[in-house]
Amino acid sequence: MGFFKQKKEEAVQETVIREDKVPPHQSTTSLEKNIAYIKEEMRNSADLKIRLLPDSKQALIFLDDITDPDKMQRYIFEPLLKTDGDIRRIKDREESNDLNKAVAALIEGKAVYLVEGNATCYLFNVQMDASRTIMEPVNEKVIKGSHDGFNEDIKTNINLIRRRIQHRSLTVKKMTIGDYTESEIAMVYVDGVVNQDVVKELEKRISSINTDALLSAGAFTEYIEDRTYSIFPQFLSTERPDKTTALLMEGRIAILFANNPTCLIAPVTFFAFYQTPDDYNTRWIVATYLRLIRLFSFILSITLPSFYIAVIGFHYEVIPEQLISPVLGAIRDIAYPPLVEAVLMVIILEVIREAAIRLPSPIGSTIGIVGGLVIGDAIVTAGLVSNLMVIVIALTSLASYVVPSNEMSDALRLLTFPLCMMSAVLGFIGIGFGLLFLLIHLCRMESLGLSYFTPIQFRDIKDTIIRVPQFLMKRRPEQLNSPRPYKSNKLGENNGK
Amino acid sequence: MKRLVVVVLLSCTLVLSGCWDTREFKEVKLGITAAYDLTEDNVYTNTILIPNVQNSSSAGPGQESVQFLTATGGTPQEARANIDRRLSSSYSPSQLDVLLLGENLAKKDIYPYIDAFYRDPRLHLDAVLAVVKGNAEQALKVVPESEMRPSEYIEGILESNVETTRSMEVNLQTMGAEIFENGQDFVVPAMQVGDGGKTVSYEGLALFHKSSYTGKDIPFDHTTLFLLMKNVKGKVASMTTKLYDGKEPQPNNYVSVHVEDYTSKIKSKPSKEHKVRTDINLEMTVMIEEYPTDDLSLSVLPRLTKDIEKALTKEASDIIKTTQDADCDVFGIGRSIYGHYPDYWKKLDWDKIYKDIEIVPHIKVNVRTRGIFR
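## Considerations on helix α11 (residues 338-358) of chain A
Residues and elements named next belong to chain A.
Right, on to step 1. Across its 21 residues, α11 extends 30 Å between first and last C-alpha, which sits within 8% of the 30 Å expected from 1.5 Å per residue.
Right, on to step 2. Among all positions in α11, only P338, L339, E341, A342, M345, V346 and L349 are buried. Taken around the axis of α11, the buried residues stretch over an arc of 160°, which confines them to a single face. Set apart from the buried face of α11 by more than 90 degrees, the exposed residues are I347, E354 and R358.
Right, on to step 3. Among the structural elements, α9 (284-313), α13 (387-401) and α14 (406-426) are those in contact with the buried residues of α11.

Here it is as structure tokens:
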């Protein structure tokens, strides 16, 4: 894709030095000099507070906005009183002779204690916790099951997972990405269940990321996913700890982000986007039924408009005779060919959807009514779009929202366009070709080097197209090639009698 | 870059090659029913019924109105072109459901008129055929006001009779093979305009030989038995048979049975006397639906069963005689002989000897239910 290739002559500029890689700067015994250096390095920032203790021989330096005064009182001043102002007798502290390390600590929210005549910097962890309470994610609600969700604090998130998997093999690996942002990410997996090759591959890819700022989980995937030019998401994103746990136990890897409630799961298959925690909380027959409904809506959402266009534009022989006059009556006075109708309707619907998302929720519902009812009705009366097309497009977009994953649903809605074009040019054959290309593309895709559209073998059907009762799920998904392919999964010795 | 070029070129082949053969539904006029006639001076006319829909914008599917167009021409395609000349959008027979053939035309060779259906893939092969006694155009133009959809009036008549085993579905697909098959002929529903041109009625099954109408029919009251012998049954089948003569009041002479289950086997073999002997074994399990005499004790039942069997066997013989008179081998006896005795078949001149072969009906009736109160 030469189009997107970056230009060869990149601007020459200094590389940014990450905080943890700044060369050490030896502290001096002079308190004044040390303070001056820190002030200089922190660019005299207004929130840098320097508190000189009474005899001006000792100083406490901290960043006002990210430190907690209560903690400072408890961890520094109260012990200081007990030890008659001798900082060396306080136990809960770190020491360093490197002023640059002290600066890095300041940025993390630690307080730096300097003493005149002593080159050592004492570091105290008095970081202020600023995080939301644990709430159910708005975009992934379930009817039954746990109602907690990840929040912006990576520690809380790991806590939520650890509480669910209480075993020493749950492994957490932390890394930081971004020269400026130093965003912390955590790879979580269950050792012994996960395929180590995949872990190594993921680590390799993460360590190769070289960027100024890592801003979101979505941006992160674009650095490391297998096919950036594909419309399909290759990382499953969720904010639900229960879903994450279930996927971890299948042998997948979770990636958690600091300051981001999104958790990415890899490697995944196409069918993972169609599973929800609800499936495992309802009766298996109901869950199977819902799975089938979802897969049916997948097919519906990508093919229904193109099918309609093909029927109206090419193959009206297939219309049942009882429907001929209703269909004829609906489309007779429409000025545009069906493709234009469909595209117009899809765009209107997307505009309404986008407007409804951005607006505050009290106005959002008004937009729904104005957009849906008024425009929908008026556009038919005006003869721009036939009422059959309104039904088709409404059904299509409803079907695309059935998918539990937001990214997948967006992908499906976008896929409508190429298929509509194909069917407007070639009719049913066009749809056939379109679906063929789609299938080829899906089959070629990989998620972290493992096949994305894993062929549905009979033994993998158990938790993809249908959901069988728990005790029948004896194997982990074939795709992952887990070192522990079998789940210990049976009824007790006496079958519970 | 290479891939981009490939994608662009591929889409060019789709868009620029000029094979964009879209045919928009709203730009055609669909003929639902067509009538083919031959006038007295052998001129072929084609009449079609086109449904139109009024006021589409209001709620509901809209009122349907029908339009009739008649054109003459040397062939159906020419007539079609002549129809097209008078229509605002192009005429398409691709949704044709019923094809009515006038008696005059049917008595000649019908194949030249339906040839196009076997060649153009866009034409419906499941269009049903019917022969109209007299003028087919007249039957087509019957539009009863009580019907919601006038365009489906004739089709509705044919379909409902198939369901009650009074007619069988004969479409271009099923009869396509039988037109040219030696030793197998077919029947087509026959219709007639009645009530002074206000209704069309189903009259029975018209017997065809090769591809022309023989002029003889299986009358309406014999069709159910005929179809059961031919191993065709719709959703329900019931028959009314005259058992006795001279009982008073009149209905006491009859019995109506509802056929619950049946088996029909047609076996043919060569014979010295009549060249071929065919046995039609029809065994039915029936429910007595109507028996006004109301004397149905178990002791009477065997006699009644015998009487029914006798009456039905007589009817069956009449049917067989009609088909033989018409030279219409509708049971496919010739084909069966060809299949089982190919050497013997070669010696026969089937068209000539069919009239004289021996066909014997054996009808057995089991009465299972005498009615809900018995």
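## Quick look at the nonpolar core
Right, on to step 1. The biggest cluster of nonpolar side chains holds 164 residues, and the ones touching the most others in it are B:L100, B:L101, B:A130 and B:V187.
Right, on to step 2. Other than its neighbours up to four places away in sequence, B:L100 contacts B:T33, B:A34, B:A35, B:A130, B:V132, B:A136, B:A139 and B:L140.
Right, on to step 3. Counting 23 residues, the second largest nonpolar core, distinct from the first, contains A:I38, A:L63, A:Y113 and A:V126.

## Comments concerning the domain arrangement of chain A
Residues and elements named next belong to chain A.
Right, on to step 1. Annotation of chain A at the domain level lists domain 1 (19-125), domain 2 (138-268) and domain 3 (282-450).
Right, on to step 2. Taken together, the 17 residues of domain 2 in the interface contact 15 residues of domain 3.
Right, on to step 3. Those elements that provide at least two residues to the side of domain 2 that touches domain 3 are α5 (196-207) and β8 (236-238).
Right, on to step 4. When residues of the side of domain 2 that touches domain 3 are assigned to their parent elements, the largest contribution, 3 residues, is made by α5.
Right, on to step 5. Of the residues belonging to the side of domain 2 that touches domain 3, the class tally is 9 nonpolar, 4 polar and 4 charged.

## Quick word on the pairing of strand β9 (residues 199-209) of chain B
Residue and element names in this part refer to chain B.
Right, on to step 1. Where strand β8 (residues 187-194) lies against β9, 8 bridges are found, and the strand directions are antiparallel. Among the inter-strand pairings, M191 is bridged to a residue of β9, identified as Y202.
Right, on to step 2. Counted between consecutive antiparallel strands, the loop separating β8 from β9 contains 4 residues, among which D195 sits at a positive phi close to 55°.
Right, on to step 3. Where β9 and strand β10 (residues 212-219) come together, 5 bridges link them in antiparallel fashion.

## Regarding the domain arrangement of chain B
Bring the parts together and some accessible area is lost; that lost area is often taken as the interface size.
All names here are of chain B.
Right, on to step 1. According to the domain assignment, chain B contains domain 1 (26-219) and domain 2 (237-374).
Right, on to step 2. Computed from C-alpha coordinates alone, the two centres of domain 1 and domain 2 are separated by 32 Å.
Right, on to step 3. Tallying the contact residues gives 14 residues for domain 1 and 16 residues for domain 2.
Right, on to step 4. Those elements that provide at least two residues to the side of domain 1 that touches domain 2 are β9 and β10.
Right, on to step 5. Counted by class, the side of domain 1 that touches domain 2 contains 5 nonpolar, 6 polar and 3 charged residues.

## Brief notes about the interface of chain B and chain A
Right, on to step 1. At the junction of the two partners, chain B supplies 25 residues and chain A supplies 23 residues.
Right, on to step 2. With 4 residues, helix α1 (residues 2-16) of chain B is the single largest residue contributor to the side of chain B that touches chain A.
Right, on to step 3. Tallied by class, the residues present in the side of chain B that touches chain A amount to 10 nonpolar, 7 polar and 8 charged.

## Considerations on the pairing of strand β1 (residues 48-52) of chain A
Residues and elements named next belong to chain A.
Right, on to step 1. Relative to strand β2 (residues 58-63), β1 runs antiparallel, the two being bridged by 5 bridges. Of the residues in β2, the one forming a bridge with K49 is F62.
Right, on to step 2. Counted between consecutive antiparallel strands, the loop separating β1 from β2 contains 5 residues, among which S56 sits at a positive phi close to 60°.

## With respect to the packing of α11(A) against α14(A)
Residues and elements named next belong to chain A.
Right, on to step 1. Two elements in contact, α11 and α14, have axes separated by 10 Å at closest approach and are oriented at 170°. With respect to their mutual orientation, α11 and α14 come out roughly antiparallel. On α14, the residues touching L339, A342, V343 and V346 of α11 are T416, C420 and A424.
Right, on to step 2. Tallied by class, the residues present in the contact of α11 with α14 amount to 6 nonpolar, 1 polar and no charged.

Rules of the game
- Residues numbered from 1 in each chain as written.
- Chains lettered and ligands numbered in written order.
- Predicted model: local features only at pLDDT ≥ 70, side-chain atom pairs only at ≥ 80, totals over all residues.
- Helix = DSSP H or I, 4+ residues; strand = E, 2+ residues; numbered from the N terminus.
- Expected span 1.5 Å × (residues − 1).
- Buried ≥ 20, exposed ≤ 12 C-beta atoms within 10 Å, placed from the backbone.
- Arc of directions from axis to C-beta.
- Contact = placed C-beta atoms within 7 Å.
- Core = buried A, V, L, I, M, F, W, Y, C linked by C-beta atoms within 7 Å.
- Domains from an automatic or database assignment.
- Nonpolar A, V, L, I, M, F, W, Y, C, P; charged D, E, K, R; others polar.
- Pairing = 2+ DSSP bridges.
- Axes fitted to C-alpha atoms, helices over the stretch in contact; angles between N-to-C directions.
- Parallel < 35°, antiparallel > 145°, perpendicular 65-115°, else oblique.

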